[in-house]
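# Architecture and fold: a report
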Amino acid sequence: MQENHLIDIARWSERPGPRGIPSICSAHPLVIEAAMLRAHREKAPVLIEATCNQVNQDGGYTGMTPEDFTRFVGAIADRIEFPREKILLGGDHLGPNPWKHLPADEAMAKAEAMITAYAKAGFTKLHLDTSMGCAGEPTALPDATTAARAARLAAVAEDAVGGRGGVLPVYIIGTEVPIPGGALEELDTLEVTAPEAAIETVRVHRAAFEEAGAAGAFSRVVGAVVQPGVEFGNENVIAYDRARAEKLSATLGQLHGMVFEAHSTDYQTPDALRELVADGFAILKVGPGLTFALREALYGLDQIAAFLFPAARERTLAEVTEAVMREEPANWAKYYHGSAEEQRLQRHFSYSDRIRYYWRHPRAAAAVDELMSLLDGVAIPETLISQFLAGSYARVRNGEVAPQAKPLALAAVDAVLQDYFAACFLNPL
């Protein structure tokens, strides 16, 4: 049986090579393609994760089941000749969250069906998140209840892969993060996870797994989600302060075989990312930061197309996305507040990047296709790239990026990915 690539992640720092791994949390095909291209350059595997709301047995907001997502990612890999054996698929926040409006028994039955589908579809990194209360329960559950439900899901996943002969999954426990989809309000400060809380999370989960007959699964728990003090709101980023996380980082000495998983590392500086990995936060989750960069590129191309071909389209891409989001506000309304003008600004330019939920909308997708078709085969003048896509200008000038629409879109995402891969292949600080 092939061994899971992440099984010994806690020991990576003891040998040459990577010290951590970026976790690409996106279902956008251009983001996934860019991640594979960057991983190929680095001679590294690529970890791509789907969330419980995004992909589940009912389709999620992408319309994809776990099996669909596996085929979707595999097709991208085949098209660009990225080796499938270097793809690691992860499931994030796997638990009852999509069905928490139901009574706990019903929601957990749905969660069991979901994790079965993930395990059978070849996802080999499973984050167990059962922390949310269901109908009639408090919002936050006691640790013992959370751990018991997580162990129940782990046992189900083990049954799903038992006898299959494939790679056994590794597990992530804990949930010191906002709900899937992002924080609901602007954030000014964050409490770093208390060291004793991290240790207690591991202790209660170990006991719950043993009680559920899933001790074998617990031997493959390679990480715990904690809050190292990083997050972003609509307009601000809370930067990593390693001094505040020093005591939390030190607890890894007591959690043998484990690393910490850091969610919401989007928009952190390259130095902060390197410090996070050096301090044991070896799994760096990034999602909105990648689609934010992609949106910047698409909007830059939108302005270039409007200048080069002023009469070619009835409406620009930005005009189409504004119309779609105003007509269908469900994915942003409870996150964006303030005046009408403030909400308009946030719809397009928020760090939370709720616009990412709309790229699959038929009208938005058609507008992107129209834009890319209009610019297909066009050698975009360097001066327009300097004006509207300044982040890629130097790479175009030195011949690293072709002055064409798709390479420029991929380059914008890659500029973010570079920082994550560099952080994970760090030299001692």
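This text goes with the structure placed above it.
Just so it is clear, the structure is predicted and the values come from calculations on it, not from any experiment. (Residues numbered from 1 in each chain as written. Predicted model: local features only at pLDDT ≥ 70, side-chain atom pairs only at ≥ 80, totals over all residues. Heavy atoms only, no water.)

## What about the packing of helix 4 (residues 143–161) against helix 5 (residues 195–211)?
Applied cut-off: Each axis is a line fitted through C-alpha atoms, taken for helices only over the stretch in contact, and angles between the N-to-C directions span 0 to 180 degrees. Only DSSP runs of H or I reaching four residues or more are called helices, and only runs of E reaching two or more are called strands; each is numbered from the N terminus. The scheme is simple: roughly parallel for angles under 35 degrees, roughly antiparallel for over 145, roughly perpendicular for 65 to 115, oblique for anything else. For a crossing to be left-handed, the near helix must be turned anticlockwise from the far one by less than a right angle; the clockwise case is right-handed. In this description, contact between two residues means that some pair of their heavy atoms is separated by no more than 4.5 Å. Any residue outside Ala, Val, Leu, Ile, Met, Phe, Trp, Tyr, Cys, Pro, Asp, Glu, Lys and Arg is labelled polar, Gly included; the first ten of those are nonpolar and the last four are charged.
Where helix 4 meets helix 5, the axes come as close as 8 Å, and the angle between the chain directions of the two elements is 50 degrees. If you check the angle between helix 4 and helix 5, you find them oblique. Between helix 4 and helix 5 the crossing geometry is right-handed. On helix 5, the residues that touch Asp143, Ala147, Ala148, Ala150, Ala151 and Ala154 of helix 4 are Glu200, Val204, His205, Ala208 and Phe209. Tallied by class, residues from the contact of helix 4 with helix 5 come to eight nonpolar, one polar and two charged.

## Looking at the sheet that holds strand 2 (residues 46–51)
Note the following rule: In this scheme, strands are said to pair when DSSP sees at least two bridges between them.
On the basis of which strands lie adjacent, the closed barrel formed by eight strands has the order 1-2-3-4-5-6-9-10 and parallel pairing. With strand direction ignored, the average angle separating the axes of adjacent strands in the sheet is 25 degrees. When strand 4 (residues 125–128) meets strand 5 (residues 170–173), the two strands line up parallel, connected through three bridges. Bridge pairing in strand 5 places Leu126 opposite Tyr171.

## As for the packing of aromatic side chains
What counts is decided by this rule: Stacked, edge-to-face and tilted labels apply to pairs of Phe, Tyr and Trp rings (six-membered ring for Trp) whose centres lie within 6.5 Å, assigned for plane angles under 30 degrees, over 60, and everything in between, in that order. Whether a residue is buried, partly exposed or exposed follows from its accessible area with a 1.4 Å probe, protein chains only, as a fraction of its type maximum: under 20%, in between, or over 50%, in that order. Two conditions define a charge located above a ring, namely a distance within 6 Å from the ring centre to NZ of Lys or CZ of Arg, and an angle within 35 degrees of the ring normal.
Evaluated as defined, the whole model comprises 13 aromatic pairs. Pairing Tyr118 with Phe123 gives two aromatic rings, centres 4.6 Å apart and planes at 65 degrees, and the pair type is edge-to-face. Assessed through its relative accessible area of 0%, Tyr118 is described here as buried. The positively charged end of Arg295 is found above the aromatic ring belonging to Phe292, 4.7 Å away from the centroid. Lying across the ring of Trp332, Arg347 places its NZ or CZ 4.8 Å from the centre.

## Some thoughts on the pairing of strand 4
Rules: We call a crossover right-handed when, viewed with both strands directed away from the observer, the connection leading from the first strand over the helix to the second proceeds clockwise.
The two faces of strand 4 match: Lys125 and His127 on one face and Leu126 and Leu128 on the other face are all buried. Summarising the sheet, strand 3 (residues 87–94) and strand 4 pair through three bridges and their orientation is parallel. Pairing of Leu94 across the sheet is with Leu128, part of strand 4. Handedness of the crossover joining strand 3 and strand 4 through helix 3 (residues 104–120) is recorded here as right-handed.

## Structural notes on the pattern of salt bridges
Formally: One speaks of a salt bridge when a side-chain nitrogen belonging to Lys or Arg is within 4 Å of a carboxyl oxygen belonging to Asp or Glu.
Tallied over the full model, the rule gives 29 salt bridges. With a closest N to O distance of 2.6 Å, Arg71 and Asp68 form a salt bridge. Placement of both Arg71 and Asp68 in helix 2 (residues 66–80) is noted, with a separation of three residues, approximately one turn of the helix. Since its relative accessible area comes to 24%, Asp68 is described here as partly exposed. For Asp78, the salt bridge goes to Arg84, with nearest N and O atoms at 2.8 Å.

## Thoughts on the pairing of strand 3
For strand 3, the tally of buried residues reaches eight of eight residues, placing the bulk of the element in the interior. Note that strand 2 and strand 3 share six bridges and pair parallel. Along strand 3, the bridge assignment pairs Val46 with Ile87.

## What about the nonpolar core?
Heads up, the condition is: Only buried residues count toward a nonpolar core, which is a set of Ala, Val, Leu, Ile, Met, Phe, Trp, Tyr and Cys residues joined through side-chain atoms within 4.5 Å.
In terms of nonpolar packing, the biggest core is built from 123 residues, with Met36 and Phe69 touching the most fellow members. If you tally residues by element for this core, the top one is helix 15 (residues 405–424), at twelve residues. When sequence neighbours within four positions are dropped, the list of residues in contact with Phe69 reads Ser26, Ala27, Ile48, Ala50, Val55, Met64, Leu89 and Phe123. In this structure, Leu6, Leu47, Val170 and Val222 belong to the second largest nonpolar core, which totals 13 residues.

## Remarks on the packing of helix 9 (residues 288–308) against helix 15
At a closest axis distance of 8 Å, the pairing of helix 9 and helix 15 adopts a crossing angle of 150 degrees. On the basis of the axis angle, helix 9 is roughly antiparallel to helix 15. In the crossing of helix 9 with helix 15, the sense of the turn from one axis to the other is right-handed. Every residue of helix 15 that contacts helix 9 at Gly289, Leu290, Ala293, Leu294, Ala297 and Leu301 is listed here: Ala405, Leu408, Ala409, Ala412, Val413, Val416 and Leu417. Considering only residue class, the contact of helix 9 with helix 15 consists of twelve nonpolar, one polar and no charged.

## A few points about the state of the cysteines
The test is simple: Criterion for a disulfide: a pair of cysteine sulfur atoms within 2.5 Å.
On inspection of all chains with the given rule, the structure shows zero disulfides. No disulfide involves Cys25; its sulfur sits 12 Å from the nearest other cysteine sulfur, which is in Cys52. Its sulfur unpaired, Cys134 is 12 Å from the next cysteine sulfur, which belongs to Cys52.

## Section: the environment of Thr193
What counts here: In protein, a polar contact requires one atom able to donate a hydrogen and another able to accept it; more generally it is a pair of N or O atoms within 3.5 Å, and residues adjacent in sequence count only if both atoms are side-chain atoms.
Residue placement: Thr193 occurs in the loop between strand 5 and helix 5. For the pair Thr193 and Glu176, spaced 17 residues apart in sequence, the C-alpha separation works out to 7.2 Å. In this structure the side chain of Thr193 is engaged in a polar contact, spanning 2.8 Å, whose partner is the backbone nitrogen of Gln227.

So, to be careful, I would describe these as geometric facts and stop short of saying anything about function.
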